[in-house]
Amino acid sequence: MKQYELIVGLEVHCQLATRSKLFCACATDGFGEAPNSRICPVCTAQPGVLPVLNAQAVELAYRAALALECRLNARSIFARKNYFYPDLPKAYQISQYDQPFSEHGKLLIRPKGAAPKTVRLTRIHMEEDAGKLLHEMGALKIDGSLVDLNRAGIPLIEIVSEPDIRTSEEAYAYLTSLKEVIQFVGASRCDMEKGEMRCDANVSVRPLGQEKLGTRAEIKNLNSFKNVKDAIDHEFRRQVELVESGGRVVQETRLWNAEKQATVSMRSKEDAHDYRYFPDPDLVPLTAAPERVAALKASMPELPSAMRARFTSELGLSEYDAEVLTGDRALAAFFERAVLEAPKAAKTVANLLATELLARLNAEGKGADAAPFPPAHLGRLAGLVADGTLSSKGAKDVFARMWETGKDPRTLVSDLGLSQVSDDKQVLEWVTQALAANAKAAADLRGGKDAAIGAIVGAVMKLSKGKANPALVNKLIKEAVKA
Amino acid sequence: MSISDDEVRKIAKLARLRLSDDEVARYGGQLTKILDAMAELGALETGNVPPTASVLGVSDVMRRDEPRAFEGRERLLDNAPDRDGPYFKVRKIIA
């Protein structure tokens, strides 16, 4: 049997995180709410209405595009995509066609068990979502179909990749990276369960070594990353078997059936849509002036990939820790603020964050901004571990109390009987022992190397199980080396 | 430029129109006349004219992202040919 190569391009829709719809003032919070509770004359296509573009949707779309290294076109226009379906009350969808707002991007992906690679993005365009159709209500059959237009007019971006994806793992990694970046810049929440992120896959095969691309099938109804991966694997096998048995792949739309783990034909090219795109006369062109693009670029946050690189190279974190911390923007921000308080204990901060804080937050389904104490407290706790004041066991105890009370770890250390010893005689005894046991540091300190005091302080803290008063320790060490 | 009967039928199908053979012939003739009229524009030199998407000369007309509830929901539902409680109702589209 010949060797075949898999070729995949993905089309991903993400809901822009606006409060109102793309062309009208209806709220976008309709998920799980009463049907048709977020509708108006515009999104139900009453005669004589006019769409007015949502400025925030444009802002978010532009941010997503810049984060994906796309070029923002100086001018883009909205077009009508014409087709009849009851979820589309105007009988056309306002989209962008030959002049989208953004093109030519790229995304670095990190597929499992393979080297990172770059996937090129063809374009990103803005469009409105359609409504939702209901064909039955549980067991109750309906003698028609029911239409809920809460989603009609919800702002979306469609991100179209080049056919650069070669394995289902790469497709999975592409979606993971894409979601990470889009969420990071706040363009979309990408909650797949709420339909805020959806994916179609264009899949074809060709004999290894052949230049020309094979005929592709478009797979729809992929509502999880795992479904995308499974559907691509299945479609690859189906097409290879078809070609091997003398058949030909036809250009068609296929639906993924997760229960049967198979794709089934939905419509063939013969009844392929003829959308008759044309510029929407109700909407004026959209621009992206160079000054605006420059201002947007300046306001972009550091992206996860750059942040990961900085966390590993500058802060000495492991790849894994860096990955965990940059998985969420609020978490990364929390970490960075905590590290300000303990610049030399970044690793400890990361450990406490991952093992203590994140575990508790995840258990309650909360984000880092719901932590019951400020980031500085976590930094201080890491500092107390780093300077020997607290053992790692002690840190766990203090953390548990921080979680319950929101109190400063320094206060808790005394509350928990980890309070400092400020008895001159006792502390001096520890200082004397510490100086004797750390002859080199002691000599350095006597020789004027003030930084060497850290090692002695640390030794005293160890001897005192973290209970010696640091200020007193410092004072007594300085006196001892002067004497 | 003449439009074939098949093209007329295809356009009719896209517009969800059912045409009799007489209508196909009649509309074909009318569409051909429209295209002939448009073809006169072909005499103009338009090589340096970019395709026009908008003639208003303005751009970036936008509104702030402020949700506002529309109070006439019931009237919108009543305005449809059929409704079922809070839903618009249409003919069954899948079996």
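Residues numbered from 1 in each chain as written. Chains lettered and ligands numbered in written order. Predicted model: local features only at pLDDT ≥ 70, side-chain atom pairs only at ≥ 80, totals over all residues. Heavy atoms only, no water.

### Some words on the interface of chain A and chain B
The extent of an interface is frequently quoted as the accessible surface area lost upon association of the parts. Selection rule: Residue contacts are counted whenever heavy atoms from the two residues lie within 4.5 Å of one another. Computed with a 1.4 Å rolling probe, the buried area is the accessible surface lost when two parts are put together, summed over both parts. Each salt bridge in this description consists of a side-chain nitrogen of Lys or Arg and a carboxyl oxygen of Asp or Glu lying within 4 Å of one another. Counting from the N terminus, the helices are DSSP H or I runs at least four residues long and the strands are E runs at least two residues long. Throughout this entry, Asp, Glu, Lys and Arg are counted as charged residues, while Ala, Val, Leu, Ile, Met, Phe, Trp, Tyr, Cys and Pro are counted as nonpolar. The remaining residues, Gly among them, count as polar.
Taken together, the contact pairs 47 residues of chain A with 32 residues of chain B. Between chain A and chain B lies a buried interface of about 3600 Å² when both sides are counted; carbon and sulfur atoms form 61% of it. When the buried surface of chain A facing chain B is broken down by residue, Ala25(A), Phe84(A) and Val284(A) rank first, second and third, together holding 15% of it. Viewed at the interface, chain B and chain A are joined by two salt bridges. In this structure, the salt-bridge partner of Lys89(B) is Asp143(A), at a minimum N-O distance of 2.6 Å. Put simply, the parts of the chain that give the side of chain A that touches chain B at least two residues each are strand E2 (53–54), helix H1 (55–67), strand E9 (132–137), strand E10 (140–148) and strand E17 (286–287) of chain A. At seven residues, the largest contribution of residues to the side of chain A that touches chain B is made by E10(A). Per-class residue counts for the side of chain A that touches chain B are 29 nonpolar, 12 polar and six charged.

### A short note on the domain arrangement of chain A
The cut-off we apply is this: Domain start and end points were adopted from an automatic or database domain assignment.
Parsing chain A into structural domains produces domain 1 (4–291), domain 2 (302–418) and domain 3 (424–482). Distance between the C-alpha centres of domain 2 of chain A and domain 3 of chain A: 28 Å.

### What to know about the sheet that holds strand E5 (residues 79–82) of chain A
Neighbouring strands of a sheet are bound in pairs by backbone hydrogen bonds; such pairs are parallel or else antiparallel. All names here are of chain A. The test is simple: Any two strands between which DSSP finds at least two bridges are classified as paired.
Within the open sheet, the three strands sit side by side as E6-E5-E16. Their pairing is antiparallel. In this open sheet, the two edge strands, each paired with only one partner strand, are strand E6 (92–95) and strand E16 (278–279). Across four bridges, E5 lies against E6 in antiparallel orientation. The residue of E6 that forms the bridge with Arg-80 is Ile-94.

### As for the environment of Pro207(A)
All names here are of chain A. Mapped onto the secondary structure, Pro-207 falls in strand E12 (residues 197–207). Sequence separation between Pro-207 and Lys-2 is 205 residues, and the spatial gap between their C-alpha atoms is 6.7 Å. For Pro-207, the contacting residues outside a window of four places in its chain are Lys-2, Gln-3 and Tyr-4.

### Here we look at helix H3 (residues 225–244) of chain A
All names here are of chain A. Short version of the rule: Expected span of a helix, by definition, is 1.5 Å for each gap between consecutive residues, and there is one gap fewer than residues. Classification of residues uses two cut-offs on accessible area relative to the type maximum, computed with a 1.4 Å probe and protein chains only: under 20% is buried, over 50% is exposed, and between them is partly exposed.
With 20 residues, H3 extends 29 Å from end C-alpha to end C-alpha; this agrees with the ideal 28 Å at 1.5 Å per step. Residues of H3 that are buried include every one of Phe-225, Asn-227, Val-228, Asp-230, Ala-231, Ile-232, His-234, Glu-235, Arg-238, Gln-239 and Val-240, and no others. Positive phi appears at Gly-246, one or two residues downstream of H3, with a value of about 90 degrees.

### Regarding a nonpolar patch on the surface
Put simply, the rule is: The residues that make up patches have over 30% relative accessible area and no salt bridge, and they are joined within 9 Å when like-charged or within 5 Å when they are Val, Leu, Ile, Met, Phe, Trp or Tyr. Areas reported here follow the Shrake-Rupley algorithm with a probe of radius 1.4 Å; residue values treat only the protein chains shown as occluding.
Taken together, the side chains of Val52(A), Val55(B), Leu56(B), Val58(B) and Val61(B) present a nonpolar region at the surface, about 450 Å² in accessible area. By the element assignment, Leu56(B) lies in the loop between helix H2 (21–39) and strand E1 (62–63).

### A short note on the environment of Lys440(A)
Residues and elements named next belong to chain A. The topology assignment puts Lys-440 in helix H13 (residues 439–446). What makes Lys-440 exposed here is its relative accessible area of 61%. Measuring from C-alpha to C-alpha, the distance between Lys-440 and Ala-452 comes to 8.9 Å, with 12 residues separating the pair along the chain.

### Here's the deal with the pattern of salt bridges
All names here are of chain A. One pass over the structure, following the stated rule, counts 45 salt bridges over all chains. For Arg-151, the salt bridge goes to Asp-129, with nearest N and O atoms at 2.7 Å. One end of the pair, Arg-151, is in the loop between E10 and strand E11 (155–161); the other, Asp-129, is in the loop between strand E8 (117–128) and E9, and 22 residues separate them in sequence. This pair shows no difference in class: Arg-151 is buried, exactly as Asp-129 is. Measuring nitrogen to oxygen at the nearest pair gives 3.6 Å for the salt bridge that ties Glu-235 to Arg-254. Within this pair, whereas Glu-235 is found in helix H3, its partner Arg-254 is found in strand E14 (residues 252–257), the two being separated by 19 residues in sequence. Of the two residues examined, Glu-235 and Arg-254, each falls in the buried class.

### Examining the packing of aromatic side chains
Note the cut-off: Note on aromatic contacts: the rings of Phe and Tyr and the six-membered ring of Trp form a pair at centre separations within 6.5 Å, being stacked when their planes are under 30 degrees apart, edge-to-face when over 60 apart, and tilted otherwise. Only when the NZ atom of a Lys or the CZ atom of an Arg is both within 6 Å of the ring centre and within 35 degrees of the ring normal do we say a charge sits over the ring.
Counting across every chain of the model gives nine aromatic pairs over all chains. Ring centres of Tyr83(A) and Tyr275(A) lie 5.8 Å apart, and the angle between their planes is 70 degrees; on these two criteria the pair is classed as edge-to-face. You can see Tyr83(A) sitting in the loop between E5 and E6 and its partner Tyr275(A) sitting in the loop between strand E15 (262–268) and E16, a full 192 residues away along the chain. Overall, the relative accessible area of 18% leaves Tyr83(A) in the buried class. Using a relative accessible area of 22% as the deciding quantity, one classes Tyr275(A) as partly exposed. Grouped by ring-pair contacts, the aromatic residues Tyr83(A), Tyr97(A), Tyr275(A) and Tyr277(A) constitute a single cluster. Above the plane of the ring of Tyr275(A) lies Lys81(A), whose end atom (NZ or CZ) is 4.4 Å from the centre. Between Arg26(B) and the ring centre of Tyr27(B), over which it is positioned, the NZ or CZ distance is 5.3 Å.

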